[in-house]
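# Notes for the structure review
One-letter residues, chain by chain:
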Amino acid sequence: MAILRLSQVYDTTPPRLFALLTDPARLVTLTPPEFGLSWQEQPPGFAVGTVLTLQVRRWGMSVRLVHEVVAFTPPTRFAERQQRGPFRTWEREWTLSEQSGQTLLEETITVEPPGGMLGLTLTLARIEADIQTGWQHREQQIRTILQTAAGA
């Protein structure tokens with residue numbers, strides 16, 4: 001099992017960033033296209049208990065993910081946990097805080113790769129690399145969205 005911690009500062013307010021991160025319609029665009037993420041059942045919004053049912057086409061396979069929102073405290077905290085999917089453990093938490101007029105986003109992911117034959121493909125190193133790729137893509141997308149909104 002691994003715990004990954006990532007952080008980034010954005011030139012926006014916590015409520016604005018929280019709204020971007022928790023908008024179901026934006027989730028797919030905040031994820032790298034090569035991950036093949038799509039909604040199977042898109043909820044109208046997020047709240048504690050909301051079930052997130054997604055499809056991922058990655059690692060040479062198509063996988064259905066079912067996650068549950070386990071914490072939702074706008075605009076400072078969001079957490080989800082895998083209910084069904086390829087990982088033994090997948091938990092993600094975002095915390096947002098204001099710092100000198102900007103927003104610090106901290107993300108903590110607890111992940112344990114699958115066992116068996118799938119674990120030979122979905123190694124911790126591969127999972128960590130994909131998390132980094134996803135983080136970088138999301139950062140670029142958020143910055144683009146914020147810059148576009150500032151110029152409007």
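In this text, all values refer to a predicted model and were calculated from it rather than measured experimentally.

Turning our attention to the side chain of Thr 110. Summarising the element assignment, Thr 110 is placed in strand β7 (residues 102–112). Overall, Thr 110 belongs to the buried group, its relative accessible area being 14%. Residues contacting Thr 110, with those up to four places away along its chain left out, are Met 1, Ala 2, Ile 3, Thr 89, Trp 90 and Glu 91.

Glancing now at the sheet that holds β7. Strand-to-strand pairing in sheets goes through backbone hydrogen bonds, with the strands running parallel or antiparallel. Read from one edge of the open sheet, seven strands run β1-β7-β6-β5-β4-β3-β2, paired in antiparallel fashion. Since the sheet does not close on itself, it has two edges, and those belong to β1 (2–10) and β2 (38–41), each with one partner. Each strand of the sheet is rotated relative to its neighbour by a mean of 25°, with strand direction disregarded. Together, β1, β4 (61–73), β5 (77–84), β6 (89–99) and β7 form the strand contacts of helix α1 (residues 14–21), whose direction differs from that of β6 by roughly 155°. Seen against the sheet, helix α4 (residues 124–151) touches β1, β3 (51–58), β6 and β7 and runs at an angle of roughly 15° to β1.

Take the pattern of salt bridges next. This model, assessed by the stated rule, comprises ten salt bridges. A salt bridge links Glu 112 to Arg 88; the shortest N-O distance between them is 3.5 Å. Separated by 24 residues along the polypeptide, Glu 112 in strand β7 and Arg 88 in the loop between β5 and β6 bring together distant segments of the chain. What makes Arg 88 exposed here is its relative accessible area of 54%. Note that Arg 92 is salt-bridged to Glu 107, the shortest N-O span being 3.0 Å.

Taken as a whole, this structure holds five aromatic pairs when the rule is applied. Ring plane angle 55° and centroid distance 5.3 Å describe the contact between Phe 18 and Phe 72, whose orientation is recorded as tilted. Highlighted residues: Phe 18 in helix α1 and Phe 72 in strand β4, separated in sequence by 54 residues. Here the aromatic rings of Phe 72 and Phe 78 are separated by 6.2 Å at their centres, their planes lie at 80°, and the arrangement is edge-to-face. Its relative accessible area of 22% is what places Phe 72 among the partly exposed residues.

Next up on the list: the environment of Val 111. If you trace the backbone, Val 111 turns up in strand β7. Between the C-alpha atoms of Val 111 and His 137, which are 26 residues apart in sequence, the distance is 20 Å. With sequence-adjacent residues up to four places away left out, Val 111 is seen in contact with Met 1, Ala 2, Leu 4, Phe 87, Thr 89, Trp 90, Leu 124 and Ile 127.

Rules of the game
Residues numbered from 1 in each chain as written. Predicted model: local features only at pLDDT ≥ 70, side-chain atom pairs only at ≥ 80, totals over all residues. Heavy atoms only, no water. Helix = DSSP H or I, 4+ residues; strand = E, 2+ residues; numbered from the N terminus. Buried < 20%, exposed > 50% of the residue type's maximum accessible area, 1.4 Å probe, protein only. Contact = heavy atoms within 4.5 Å. Pairing = 2+ DSSP bridges. Axes fitted to C-alpha atoms, helices over the stretch in contact; angles between N-to-C directions. Salt bridge = Lys/Arg side-chain N within 4 Å of Asp/Glu carboxyl O. Phe/Tyr/Trp six-rings, centres within 6.5 Å; stacked < 30°, edge-to-face > 60°.

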